[in-house]
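Single-letter residue listing:
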Amino acid sequence: MSLAPRSPSPETGKDAVLTEANFKAIAERVYQLTGIVLKEHKRQMVHTRLSRRLRALGLTDFDSYLRLLDSPESAAEIGELMNAITTNLTSFFRESHHFDHLRSEVIEPCMAKGASRFRIWSAGCSTGEEPYTIQMTMQAAGGLAHRWDYRLLATDLDSNVLARAAAGVYAADRVTGVPPAVLSAAASQRPDGTLEMRPVLKAPIRFRQLNLLHQWPVKGPFDAIFCRNVLIYFDTETKLGIVDRFADLLAPHGALYLGHSESLLGEHPKLLSC
């Protein structure tokens, strides 16, 4: 039986009911694919976001959607499922003390000792606010003009937000928290009033799609790794496994930055809390 999507309709899937069995089946698939745990309180979010997928596909119910996910035609939709479920809440200079620490305890000491290579990883970079904030911090510290081999890896599971991050274009209301002098050096205004990150910030960044559960095609060592407000979506075993892998990729002087709600992992044999 073919499960090719029908033409989208504004009404298709509009009133589809997400049953308990549907939610559990979707949650299981999401966990298998991404390690993200969807608890009961996420049920309305799942219903809202996947109802849009039903409409786009011309499907009338979630049973049909689950059959599509199990069909040979599922590859493209699995990517859309991951994009739909992933939450991308971010802002420039979020938890700003992390960037103060990055500058004073990592970037400037490495410059002072004459390091010839410098690497940072923004894991879960969303629409790019975090990696560009890192770049603004580098710029303010003189790191973008410093003579060294510098690269910033920015990864995310969601291919849609990666495209937006690579473009580096933001509405004016998205940059309200950036100090004016910092913003002026980092971005230029476009004719439509949006702001675009300058080439000097964009050039060192490599945007890549990456599932943290899968193999990481990265070598390290990294002088800093940011993985903030990402681990909260995983269960404890998955979370600790990812932190172990991060620790193995850090340089001896390197720093791992986690979100406030992710910092309570207990003592780690390879990491020192600060």
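Residues numbered from 1 in each chain as written. Predicted model: local features only at pLDDT ≥ 70, side-chain atom pairs only at ≥ 80, totals over all residues. Heavy atoms only, no water.

**Structural notes on the pairing of strand β7 (residues 222-227)**
- When you tally the buried positions in β7, you get six out of six residues, the bulk of the element.
- Taken together, the three bridges between strand β1 (residues 117-123) and β7 define a ladder with parallel strand orientation. Across the sheet, W121 pairs through a bridge with I225, a residue of β7.
- Relative to strand β8 (residues 250-258), β7 is paired through five bridges, and the arrangement is parallel. (Buried < 20%, exposed > 50% of the residue type's maximum accessible area, 1.4 Å probe, protein only. Helix = DSSP H or I, 4+ residues; strand = E, 2+ residues; numbered from the N terminus. Pairing = 2+ DSSP bridges.)

**Quick word on the packing of helix α5 (residues 97-112) against helix α6 (residues 129-141)**
- Two numbers describe how α5 lies on α6: the axes approach to 10 Å, and their chain directions differ by 50°. Relative to α6, the element α5 lies oblique. Along this stretch, α5 crosses α6, giving a crossing that reads as right-handed. Where α5 approaches α6, its residues F99, L102, R103, I107, E108 and M111 are matched on the opposing element by E130, T133, I134, T137, M138, A140 and A141. (Axes fitted to C-alpha atoms, helices over the stretch in contact; angles between N-to-C directions. Parallel < 35°, antiparallel > 145°, perpendicular 65-115°, else oblique. Left-handed = near helix turned anticlockwise from the far one by under 90°. Contact = heavy atoms within 4.5 Å.)

**Concerning the pattern of salt bridges**
- Summed over the entire model, instances satisfying the criterion amount to eleven salt bridges.
- With a closest N to O distance of 2.6 Å, R29 and D70 form a salt bridge. Residue R29 is located in helix α1 (residues 20-34), and its partner D70 is located in the loop between α3 (62-69) and α4 (74-85); the two are separated by 41 residues in the primary sequence.
- One salt bridge connects E130 with R228, and the closest N-O pair in it is separated by 2.8 Å. Highlighted residues: E130 in helix α6 and R228 in the loop between β7 and α10 (236-249), separated in sequence by 98 residues.
- The exposure class of E130 is buried, given its relative accessible area of 5%.
- Assessed through its relative accessible area of 7%, R228 is described here as buried. (Salt bridge = Lys/Arg side-chain N within 4 Å of Asp/Glu carboxyl O.)

**Comments concerning the sheet that holds strand β5 (residues 195-197)**
- Strands sit in the order β3-β5-β4 across an open sheet of three strands; the sheet is antiparallel. The open sheet terminates on both sides in strands that have one partner only, identified here as β3 (169-170) and β4 (187-189).
- Summarising the sheet, β3 and β5 pair through two bridges and their orientation is antiparallel. Across the sheet, Y170 pairs through a bridge with L195, a residue of β5.

**Quick look at the confidence of the model for the chain**
- Looking at the chain as a whole, its pLDDT mean stands at 88, while 89% of the residues score no less than 70.
- For residues 1-10, every residue scores under 50 in pLDDT, and the model assigns this stretch 15 contacts once sequence neighbours within four places are set aside. (pLDDT = per-residue confidence, 0-100.)

**Considering the nonpolar core**
- Counting 43 residues, the largest nonpolar core has L38, V46, W121, L212, W216 and F246 as its most contacted members.
- Going through the elements one at a time, α1, α2 (43-57), α3, α4, β1, β7, α10 and β8 are the ones with two or more residues in this core.
- F246 has contacts with W121, A123, L212, W216, I225, C227 and L256, leaving out every residue within four places of it along the chain. (Core = buried A, V, L, I, M, F, W, Y, C linked by side-chain atoms within 4.5 Å.)

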